[in-house]
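The chain contents come next:
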Amino acid sequence: LGVLTWLVWNKTRFGKNMFAVGGNAEAAEVSGVSVTKTIMGVFLYAGLMYGIASFLEGARIQSVGTATGINYELDAIAGCVISFNGGIGTVPGVVIGSIILQAINYGLYFLGVNAYLQYIIRGAIIIIAVAIDVQKYVAKK
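An account of the accompanying structure is given in this report.

1. A closer look at the overall build of the chain
And step 1. When you go through the chain residue by residue, the secondary structure sums to seven helices and zero strands.
And step 2. Counted from the first residue to the last, the chain has its helices and strands arranged as α-α-α-α-α-α-α.
And step 3. For the chain, the C-alpha atoms occupy an extent of roughly 55 × 45 × 25 Å along the three principal directions.
And step 4. Taking all 141 residues of the chain together, 23% fall into the buried category.
And step 5. Restricting to contacts in the chain with at least 6 residues of sequence separation, those with at least 24 account for 46%.
And step 6. Put simply, the chain shows about 10,100 Å² of open surface, and 70% of that area lies on carbon and sulfur atoms.
And step 7. Looking at charge distribution, the chain has the averaged site of its 9 positive side-chain charges lying 11 Å from that of its 6 negative ones.

2. Quick notes on the packing of aromatic side chains
And step 1. Tallied over the entire structure, the rule returns two aromatic pairs.
And step 2. With a centroid separation of 5.7 Å and an interplanar angle of 80°, the aromatic rings of Trp-9 and Phe-19 are classed as edge-to-face. Here the residue Trp-9 occupies a position in helix H1 (residues 2-11), and Phe-19 occupies one in helix H2 (residues 13-23), the gap between them amounting to 10 residues.
And step 3. Trp-9 gets classed as partly exposed once you look at its relative accessible area, which sits at 29%.
And step 4. By relative accessible area, which is 54% here, Phe-19 ends up exposed.
And step 5. Ring plane angle 65° and centroid distance 5.7 Å describe the contact between Tyr-109 and Phe-110, whose orientation is recorded as edge-to-face. The pair formed by Tyr-109 and Phe-110 is uniform in burial state, with each residue classed as exposed.

3. With respect to unusual backbone geometry
And step 1. One non-glycine residue, Gln-62, adopts positive backbone phi at about 60°.
And step 2. One can find Gln-62 in the loop between helix H4 (35-61) and helix H5 (72-82).

What counts as what
For every chain, the first residue of the written sequence is number 1, and numbering continues from 1 along that sequence. Whole-chain, interface and lining totals are the exception, using all residues; otherwise, since this is a predicted model, local features are given only for residues with pLDDT of at least 70 and side-chain atom pairs are given and counted only at 80 or more. As a rule here, side-chain values cover all heavy atoms of the structure and leave hydrogens and water aside. Starting at the N terminus, helices and strands are each numbered in turn, a helix being any DSSP run of H or I of at least four residues and a strand any DSSP run of E of at least two. Exposure classes here rest on a 1.4 Å probe applied to the protein chains alone. A residue is buried below 20% of its type maximum, exposed above 50%, and partly exposed in between. Note on contacts: a residue pair qualifies if any of its non-hydrogen atoms lie within 4.5 Å across the two residues. In these tables, accessible area is a Shrake-Rupley quantity obtained with a 1.4 Å probe, and a residue counts as shielded only by the protein chains included in the view. The positive count covers Lys and Arg only, the negative count covers Asp and Glu only, and His and the chain ends enter neither. Each charge is placed at NZ for Lys, CZ for Arg, CG for Asp and CD for Glu. What counts as a ring pair is set by centres within 6.5 Å for rings of Phe, Tyr and Trp (its six-membered ring), and what kind of pair is set by the plane angle: stacked under 30 degrees, edge-to-face over 60, tilted for all other angles.

Here you go:
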């Protein structure tokens, strides 16, 4: 899925339109990009990815319920924040950030760290990653 997303993001007009709309929707519209169609396409693509991920997660844990996936948003945010390179996220960076985060999660689990403390550690990772990114940004200026 990461390779597919990289191909869509870097090799298609839709990917360039996503980048343009995400950067500045007004400028993209002036440039001739159909902002409404692009946003609808982004939501459609995201829904497709959510469906595939849900199917794989259900197969992994061999059951699903209404509480499946609760608190996964923290992992998603942390994976993306770890991937920042000067404030710019890339698809390979997000994949690598997610792998690093999962290695940390599994390490904490195998060390027997309390589940509530694991959330605090993941939150601290997000704060530290953002602080490092802001520090790089300030140092550039």
